[in-house]
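In case you want the letters, here they are:
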Amino acid sequence: MVSLNFSEISAFKTELENLLEQLRTEAKGEYAQQTRPQEVHVHDSGEEAEAVVDLMINVENLARHDEEIQECLAALKRIDEGEFGFCVDCGDEIELSRLRAYPAAGRCIRCQSAFESADKKTV
Ligand SMILES: [Zn+2]
């Protein structure tokens, strides 16, 4: 039933671990930026507004990275549980081309686009 063989799965695992490492480094840099002194010690309201915008962009980046980190962790967990490569929503196999493009993908293309359009509606 599982079409991925052991070596393919371990290649994905290595890739996920590298991706995770990279994301964590990026997130760490963003966390550090968030406490930059010039952003913390603003007194002028215009400066403050600018700093708030900076922070908001940063928070968005952080949130996105955080989400990707969670996806990587979830994918690594699925590897351990022998469920890697199957859509978390419908249980079908995820397209191999999709996994190669983004190994942390937890959904097949069909479920992902349904998920994204549902997400857009609520925002
Ligand atoms: Zn699916």
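Residues numbered from 1 in each chain as written. Predicted model: local features only at pLDDT ≥ 70, side-chain atom pairs only at ≥ 80, totals over all residues. Heavy atoms only, no water.

Attention shifts here to the overall build of the protein. Helix and strand counts for the protein stand at 5 helices and 0 strands. Along its sequence from the N terminus, the protein presents helices and strands in the succession α-α-α-α-α. Counting across all 123 residues of the protein, residues that qualify as buried make up 28%. Within the protein, residue pairs in contact and separated by at least 24 positions form 57% of the contacts whose partners lie at least 6 positions apart. Surface exposure of the protein reaches about 8300 Å², of which carbon and sulfur atoms provide 55%. (Helix = DSSP H or I, 4+ residues; strand = E, 2+ residues; numbered from the N terminus. Buried < 20%, exposed > 50% of the residue type's maximum accessible area, 1.4 Å probe, protein only. Contact = heavy atoms within 4.5 Å. Areas by Shrake-Rupley, 256 points an atom, 1.4 Å probe, with all protein chains shown as cover.)

With that settled, the discussion passes to the pattern of salt bridges. Inspection of the entire model under this criterion finds 5 salt bridges. Of the charged contacts, one joins Glu8 and Arg100 as a salt bridge, the two residues approaching to 3.9 Å between their closest N and O atoms. Note that Glu8 is positioned in helix 1 (residues 6-34) and Arg100 in helix 4 (residues 96-101), a separation of 92 residues in sequence. Judged by relative accessible area, which is 24%, Glu8 ranks as partly exposed. Across the salt bridge formed by Lys13 and Asp80, the nearest N and O atoms sit 3.8 Å from each other. Of this pair, Lys13 sits in helix 1 while Asp80 sits in helix 3 (residues 45-80), placing them 67 residues apart in sequence. (Salt bridge = Lys/Arg side-chain N within 4 Å of Asp/Glu carboxyl O.)

Every protein donor of the zinc ion is accounted for by Cys87 (SG), Cys90 (SG), Cys108 (SG) and Cys111 (SG), and the metal-donor separations fall at 2.3 Å. Considering all 4 donor atoms around the zinc ion, the spread of angles at the metal, 105 to 117 degrees, places the coordination shape in the tetrahedral class. Taken in sequence order, the residues that donate to the zinc ion follow the motif C-x2-C-x17-C-x2-C. Like Cys111, Cys108 is buried. (Donors = N, O, S within 2.8 Å, 3.2 Å for Na, K, Ca; no water. Tetrahedral: all angles 85-135°; square planar, octahedral: opposite > 155°, others 65-115°.)

Let us now look at the packing of aromatic side chains. Within this structure, the stated rule accounts for 1 aromatic pair. Note on Phe12 and Phe84: the rings are 5.4 Å apart at their centroids and 50 degrees apart in plane angle, and the pair reads as tilted. Of the two residues, Phe12 is situated in helix 1 and Phe84 in the loop between helix 3 and helix 4; the sequence distance between them amounts to 72 residues. Look at Phe12 and you get buried, because its relative accessible area is 6%. Using a relative accessible area of 2% as the deciding quantity, one classes Phe84 as buried. Seen from the ring of Phe115, Arg107 lies directly overhead, with NZ or CZ sitting 3.8 Å from the centre. (Phe/Tyr/Trp six-rings, centres within 6.5 Å; stacked < 30°, edge-to-face > 60°. Lys NZ or Arg CZ within 6 Å of the ring centre and 35° of its normal.)

By relative accessible area, Asp80 is classed as exposed at 61%. Distance from Asp80 to Lys13, taken between C-alpha atoms, is 9.6 Å for residues 67 residues apart in sequence.

A few words on the nonpolar core. With 20 residues, the main nonpolar core has Leu4, Leu16, Cys72, Ile79, Phe84 and Leu99 as its most contacted residues. Those residues in contact with Leu4 that sit more than four places away from it in its chain are Ile9, Phe12, Phe84, Gly85, Leu96 and Leu99. (Core = buried A, V, L, I, M, F, W, Y, C linked by side-chain atoms within 4.5 Å.)

So, about the confidence of the model for the protein. The pLDDT averaged across the protein works out to 87; a share of 89% of its residues lies at or above 70. By mean pLDDT, the top-scoring element of the protein is helix 4 (93), and the lowest-scoring one is helix 2 (residues 37-40) (51). (pLDDT = per-residue confidence, 0-100.)

The subject of this paragraph is helix 3. In this model, helix 3 (36 residues) spans 51 Å end to end at C-alpha, consistent with the 52 Å of a helix rising 1.5 Å per residue. By the burial criterion, the buried members of helix 3 are Ala51, Asn58, Leu62, His65, Ile69, Cys72, Ala75, Leu76, Arg78 and Ile79. Positioned one or two residues after helix 3, Gly82 has a phi angle of 75 degrees, which is positive. (Expected span 1.5 Å × (residues − 1).)

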